[in-house]
Amino acid sequence: MEDERRSIRGIEDVLRLLDGLFDAGDDRWSADAGGQWWDGFYEDRDKPIPFFANRPDENLVAYLDRGLIRPARVLELGCGPGRNALFLAEQGCTVDAVDLSPAAIAWAKERAAQSGSSAHDVQFHCGDAFDLTREQLPGPYDLVYDSGCFHHLPPHRRISYLQLLDRVLAPGGHLGLVCFASGAMGSELPDEEFYRDTRLHGGLAYTPESLRWIFADMTEVELRRMTDEPEDSAHFGEDFLWTALFRRPHAI
């Protein structure tokens, strides 16, 4: 019979134990507490939140315009109301888009229904990307895109993130990342301090060096600050964010 006092047998058990060290009200990454928090965040669609507007990231548009990426199949992590996923579908991509929040996924599906012919090229999934099955996220994907998910993960969940990339990103495929820039937005605490505080303080700030270290198994294509876009721009852009593009080696 299972002894509940002995709950650790593998890496995933350790990761769940570390999840439980954080205050439930500070959880932005799990399907249950995190999904509820994000539901509350998306409840008022009229809030003046820049990324509520249905505009794709300026760097994502630039990657395509410059020919840095030519994806056919895309996975978007933390898709929110679907602005980047729908843009990619309009460019001819087949997209799997994941978010923890049922409210965000409902909003994204409404936008997809209004967008016309490209809607059938997007599948929206509500849940934790780390827990979704191979049938739900089969891969391989030419592009994994993340605009604002990574910096809300506690440090130990970078292990899950890298494992997911290893499973679903095609050889030669790209990771596109948008995250808080150190010195401009996010907490500057060292990793171990988050576990002492049991809080993430709104998200983690990253330096270029830390991103290069975390994704050291990939080749850096571009790493720069996001361009600050005016309110009337067709694209989203805030200069407190890093934009990074990494390429997985062809030979794995």
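Keep in mind it's a predicted model, so treat the numbers as computed, not measured.

S.K.: Residues and numbers for the pattern of salt bridges, please.
M.R.: Throughout the structure, instances matching the rule amount to 11 salt bridges. Measuring nitrogen to oxygen at the nearest pair gives 3.3 Å for the salt bridge that ties Glu12 to Arg157. One end of the pair, Glu12, is in helix α1 (residues 11-19); the other, Arg157, is in helix α6 (residues 157-168), and 145 residues separate them in sequence. Since its relative accessible area comes to 29%, Glu12 is described here as partly exposed. Among the salt bridges present, the one from Glu58 reaches Arg224, with a minimum N-O distance of 2.9 Å. With Glu58 in helix α3 (residues 58-65) and Arg224 in strand β6 (residues 219-225), the pair connects residues that are 166 residues apart, well separated along the chain. Judged by its relative accessible area of 21%, Arg224 falls in the partly exposed class.

S.K.: Tell me about the environment of Asp197, and please be specific about residues and values.
M.R.: With respect to the helices and strands, Asp197 occurs in helix α7 (residues 191-197). Sequence separation of Asp197 and Leu21 is 176 residues, and the distance between their C-alpha atoms is 9.3 Å. At 3.0 Å, the side chain of Asp197 forms a polar contact with the side chain of His201.

S.K.: Could you give an account of unusual backbone geometry, naming the residues involved and the relevant values?
M.R.: The peptide bond linking Gly139 to Pro140 adopts the cis configuration, its omega dihedral lying at -10°. Mapped onto the secondary structure, Pro140 falls in the loop between β3 (122-126) and β4 (141-147). For Thr198, which is not a glycine, the phi torsion comes out positive at approximately 60°. In this fold, Thr198 is placed in the loop between α7 and α8 (208-214). A positive phi angle, close to 55°, is found at His201, a residue other than glycine. For His201, the location among the structural elements is in the loop between α7 and α8. Relative accessible area serves as the criterion here: at 31%, His201 is assigned to the partly exposed category.

S.K.: I'd like a rundown of a nonpolar patch on the surface, residues and numbers included.
M.R.: On the surface, Ile8, Val14, Leu17 and Leu21 cluster together into a nonpolar patch covering about 320 Å² of accessible area. For Leu17, the location among the structural elements is in helix α1. A residue is classified by how much of its surface remains accessible, and Leu17, at 42% relative accessible area, is partly exposed.

S.K.: Please give an account of the environment of Leu68 that cites residues and values.
M.R.: Here Leu68 lies in the loop between α3 and β1 (73-77). Taking C-alpha positions, Leu68 is 11 Å from Gly173, a pair spaced 105 residues apart along the chain.

S.K.: Can you lay out the packing of aromatic side chains for me, pointing to particular residues and giving the numbers?
M.R.: Any pair of aromatic rings gets described here by the distance separating the centres and the angle formed by the planes. Taken as a whole and judged by the stated rule, the model has 19 aromatic pairs. For the ring pair Trp37 and Phe41, a centre distance of 5.6 Å and an interplane angle of 15° mean the geometry is stacked. Placement of both Trp37 and Phe41 in helix α2 (residues 33-42) is noted, with a separation of 4 residues, approximately one turn of the helix. Owing to a relative accessible area of 31%, Trp37 belongs among the partly exposed residues under this scheme. Assessed through its relative accessible area of 16%, Phe41 is described here as buried. Summarising the aromatic geometry, the rings of Phe41 and Tyr42 are spaced 5.3 Å apart at their centres and angled 85° between planes, so their arrangement reads as edge-to-face. An aromatic cluster is defined as three or more aromatic residues linked by ring pairs; in this entry it consists of Trp37, Trp38, Phe41, Tyr42, Phe51, Phe52 and Trp107. Of note, Lys47 hangs over the ring of Phe41, and the distance from its end group to the ring centre comes to 4.3 Å.

S.K.: Break down the sheet that holds strand β7 (residues 241-247) for me, citing the residues and quoting the values.
M.R.: Each strand in a sheet pairs with its neighbour through backbone hydrogen bonds, running either in the same direction (parallel) or in the opposite one (antiparallel). Taking strand neighbours across the sheet as the criterion, the 7 strands line up as β3-β2-β1-β4-β5-β7-β6 in an open arrangement whose pairing is mixed. Edge positions in the open sheet fall to β3 and β6, since each of these has one partner strand only. Taken pair by pair, the neighbouring strands of this sheet meet at an average axis angle of 15°, ignoring direction. Bridging between β6 and β7 involves 6 bridges; their strand directions are antiparallel. Within the sheet, the bridge partner assigned to Glu222 lies in β7 and is Leu245.

About the cut-offs
- Residues numbered from 1 in each chain as written.
- Predicted model: local features only at pLDDT ≥ 70, side-chain atom pairs only at ≥ 80, totals over all residues.
- Heavy atoms only, no water.
- Salt bridge = Lys/Arg side-chain N within 4 Å of Asp/Glu carboxyl O.
- Helix = DSSP H or I, 4+ residues; strand = E, 2+ residues; numbered from the N terminus.
- Buried < 20%, exposed > 50% of the residue type's maximum accessible area, 1.4 Å probe, protein only.
- Polar contact = N/O pair within 3.5 Å; in protein donor to acceptor, adjacent residues only side chain to side chain.
- Patch = residues over 30% accessible without salt bridge, like charges linked within 9 Å, V, L, I, M, F, W, Y side chains within 5 Å.
- Areas by Shrake-Rupley, 256 points an atom, 1.4 Å probe, with all protein chains shown as cover.
- Phe/Tyr/Trp six-rings, centres within 6.5 Å; stacked < 30°, edge-to-face > 60°.
- Lys NZ or Arg CZ within 6 Å of the ring centre and 35° of its normal.
- Pairing = 2+ DSSP bridges.
- Axes fitted to C-alpha atoms, helices over the stretch in contact; angles between N-to-C directions.

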